[in-house]
Amino acid sequence: MAKIPVQFRLNGSDRAAFTDAAENLLTTLRRGLNEFAPKYGCGQGTCGACTVLIDEEPQLACLTLAVACEGRHVETASGLADGPNLHALQVAFMDNFAAQCGFCTPGMLMAARALLDRNPNPSREDVIEAIAGNICRCTGYEPIISAILAAATARGQKRA
């Protein structure tokens, strides 16, 4: 089967890869572009470990065809930091002990980033709804929820 070229913007940089027509974005990111932040969890779209932002909307990379990303903007947890400066969510996850084994963390961060971008002052219920598609087997979710709310507060204080 002939490979298909696909080009998109990944974490602010133009990237290109060759993919099969049926290859998912997760495989293209990990095997074709050495972008390992999104994790392979279930491969069925139920765990959220592979959550990325495509044109600022959370999407499951295991269910998204790579060719569907042609010309689009794809963001992973690797793109959150600005050089050595961590994103407010990354700092809050550390400060609130929200990353234990770390496997779900990239997906949680991206789901949280999408939430805070569209709602800078979310309620606890908003946070719970935003991360509902992401499974964590370590934290019991409370540290994650606390971290996202803390990041929202920190971002709000920076703007003031």
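Just above, that's the structure.
Before going into details, it helps to say that this report is about the structure given with it. These figures come from a predicted structure and were not determined experimentally. (Residues numbered from 1 in each chain as written. Predicted model: local features only at pLDDT ≥ 70, side-chain atom pairs only at ≥ 80, totals over all residues. Heavy atoms only, no water.)

**Let's talk about the side chain of H87**
Rule in force here: Numbering of helices and strands runs from the N terminus; a helix is a DSSP stretch of H or I covering at least four residues, while a strand is a stretch of E covering at least two. Remark: exposure states derive from per-residue accessible area (1.4 Å probe, protein chains only) relative to the maximum for the residue type, with buried under 20%, exposed over 50%, and partly exposed in between. Any pair of N or O atoms that falls within 3.5 Å is considered a polar contact. Within protein, one atom must be able to donate a hydrogen and the other to accept it, and sequence-neighbouring residues count only if both atoms are side-chain atoms. In this analysis, two residues are considered to be in contact whenever any of their non-hydrogen atoms come within 4.5 Å of each other.
Its place among the elements puts H87 in the loop between β5 (73–75) and α2 (88–95). Residue classification places H87 among the buried residues on the basis of a relative accessible area of 16%. Looking at H87, its side chain comes within polar contact range of the main-chain nitrogen of L89, at 3.0 Å. Setting aside residues no more than four positions away along its own chain, H87 makes contact with L80, A81, R113 and R155.

**Focus on a nonpolar patch on the surface**
Heads up, the condition is: Exposure above 30% relative accessible area and the absence of a salt bridge qualify a residue for a patch, where like charges join within 9 Å and nonpolar side chains (Val, Leu, Ile, Met, Phe, Trp, Tyr) within 5 Å. All accessibility values rest on the Shrake-Rupley procedure with a 1.4 Å probe; residue burial counts only the protein chains present in the view. Here, a salt bridge means any side-chain nitrogen of Lys or Arg that lies within 4 Å of a carboxyl oxygen of Asp or Glu.
A contiguous nonpolar surface patch, about 250 Å² in accessible area, is contributed by L86, V91 and M94. For V91, a relative accessible area of 31% puts it in the partly exposed group.

**Examining the environment of L63**
Relative to the helices and strands, L63 resides in the loop between β4 (57–60) and β5. Counting along the chain gives 19 residues from L63 to Q44, while the straight-line C-alpha distance between them is 7.0 Å.

**Quick notes on the sheet that holds strand β3 (residues 51–54)**
Two pairing modes exist for strands in a sheet, parallel and antiparallel, and in both the strands are linked by backbone hydrogen bonds. Cut-off, in case you're wondering: We treat two strands as partners when DSSP finds at least two bridges between them. Under this scheme, a helix contributes an axis fitted over its contacting stretch, all axes are lines through C-alpha atoms, and angles between N-to-C directions fall in the 0 to 180 degree range.
Taken together, five strands build an open sheet; the order of strands is β2-β1-β5-β3-β4 and the sheet is mixed. Edge strands, defined here as strands with exactly one partner in the open sheet, are β2 (13–19) and β4. Ignoring which end each strand starts from, the neighbouring axes of this sheet average 40 degrees apart. With four bridges connecting them, β3 and β4 associate as antiparallel partners. Paired with T51 across the two strands is L60, which belongs to β4. Sheet strands touched by helix α3 (residues 105–118): β3, β4 and β5. Its angle to β3, the strand with the most contacts, is close to 35 degrees.

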